[in-house]
Amino acid sequence: MAYLNSAHQREWENNGYLKISGFFDSEEVNALQIWVSEISSWEPTENKWIHHYESTPEGARLSRSENFVPYHTDIRNTVTSGKVLDVVSELMTEPAVLYKEKINYKYSGGGGYAAHQDAPAYEFVDYHITCLISVDSATPESGCLYFAPGKHQEGFIALDEKGCISPETAASMKWVAVPTDPGDILLFGSYIPHKSPANRSNEPRRIIYLTYNAKSQGDWREQYYADKRQAFTQYAKDGSKRDKQISKIAHFQGKVVNHAKLR
Ligand SMILES: O=C(O)CCC(=O)C(=O)O
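Residues numbered from 1 in each chain as written. Predicted model: local features only at pLDDT ≥ 70, side-chain atom pairs only at ≥ 80, totals over all residues. Heavy atoms only, no water.

Another point: the environment of A31. Here A31 shows up in helix α2 (residues 26–41). According to the relative accessible area criterion, A31 is partly exposed, its value standing at 22%. Sequence-wise, A31 and S6 are 25 residues apart; in three dimensions their C-alpha atoms are separated by 31 Å. (Helix = DSSP H or I, 4+ residues; strand = E, 2+ residues; numbered from the N terminus. Buried < 20%, exposed > 50% of the residue type's maximum accessible area, 1.4 Å probe, protein only.)

The structure is reproduced here in structure tokens:
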């Protein structure tokens, strides 16, 4: 089944991102909300899923969970087959395979993300498409994403010491807020600059991010997580403080609480 019409395709090519409202119906949204709550209640582990925490005015809260697909059958079925995989494959113009997955919780007071491209943090393959699923409403107040339309066409933009787009370069770009409602999806490629503010509302802003690459480029998911664990083990030893990040790039602006069980 085709999900994309010519207006979608034009928007994707011109902007570098595409929102599809109501991709999941209310019953599906209910299930997604339950699954995200289940995952968030899992105890931290050393070698399975990865939880990251941040300090908020309400205490330490989860900021991110990763590598949960092997341990949650319903989520696994939803993201490795069916309409999400189909719509991403349609945009890729070839079959896609899951590269990585995360939930960014952004509870009230949770930190934002500096302007960045994903490509520098996503190794092994040079192009990815992420499908964001809005589990809660995301608004400018609660920390929705902002994109710089068309800037995906510029390829790699020079990185600052954090692996992000420098504040000066970011200030020269035009940014568009893209709010989402529960059940909406937002597709974006790994070169589109994006950022998001802190959550200044009283509501959580939970979002699932599913990142895919072309299957013809190989299945890198296990390698991605093995490499990330190894890198963070190294960061914890080398005194660089990079273990206070939640990614190989220092885009997260929240205050990390070191429960991240990457070691
Ligand atoms: O969840 C957000 O607010 C933005 C997340 C993001 O850009 C990222 O995790 O790379």
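Between its first and last C-alpha, α2 extends 23 Å over 16 residues, near the 22 Å set by a 1.5 Å rise per residue. Among the residues of α2, V29, L32, W35, V36 and I39 are the ones counted as buried. Viewed end-on, α2 has its buried residues packed into an arc of 125°, placing them on one side of the element. Residues of α2 that are exposed and point over 90 degrees away from its buried face: S26, E27 and S41. Tucked into the core, α2 has its buried residues touching β2 (50–56), β3 (59–66), α3 (73–80), β4 (96–104), β6 (129–134) and β11 (207–214). (Expected span 1.5 Å × (residues − 1). Arc of directions from axis to C-beta. Contact = heavy atoms within 4.5 Å.)

In space, the four strands of this open sheet follow the order β5-β10-β7-β8, with antiparallel pairing throughout. The open sheet has two edge strands, β5 (113–116) and β8 (176–178), and neither has a second partner. On average, each strand axis in the sheet is tilted by 30° relative to the strand beside it, whichever way the strands run. Note: strand β7 (residues 145–147) against strand β10 (residues 194–196), two bridges, orientation antiparallel. Its bridge partner lying in β10, Y146 is registered against K195. (Pairing = 2+ DSSP bridges. Axes fitted to C-alpha atoms, helices over the stretch in contact; angles between N-to-C directions.)

Around the ligand, a shell composed of 14 residues is seen, among which R64, K106, S196, R205 and Y209 lie nearest. Between the ligand and H251, the relevant distance is 3.2 Å, taken from an oxygen atom to a side-chain nitrogen or oxygen of the residue. For the ligand, whose unbound accessible area comes to 300 Å², protein coverage reaches 99%. Those elements that place two or more of their residues in the shell around the ligand are β4, β5 and β10. Looking at the shell around the ligand residue by residue, the classes come out as three nonpolar, six polar and five charged. (Near = heavy atom within 4 Å. Polar contact = N/O pair within 3.5 Å; in protein donor to acceptor, adjacent residues only side chain to side chain. Areas by Shrake-Rupley, 256 points an atom, 1.4 Å probe, with all protein chains shown as cover. Nonpolar A, V, L, I, M, F, W, Y, C, P; charged D, E, K, R; others polar.)

What the rule picks out here adds up to eight salt bridges. The closest approach of N and O atoms between E66 and K228, which form a salt bridge, is 2.9 Å. Here K228 lies in helix α6 (residues 221–238) and E66 lies in strand β3, a separation of 162 residues in the sequence. Considered together, E66 and K228 belong to a single accessibility category, that of buried residues. When the shortest N-O distance is used, the salt bridge between E154 and K151 registers 3.0 Å. Taken together, the salt bridges that share partners define one network made up of E123, D227 and K248. (Salt bridge = Lys/Arg side-chain N within 4 Å of Asp/Glu carboxyl O.)

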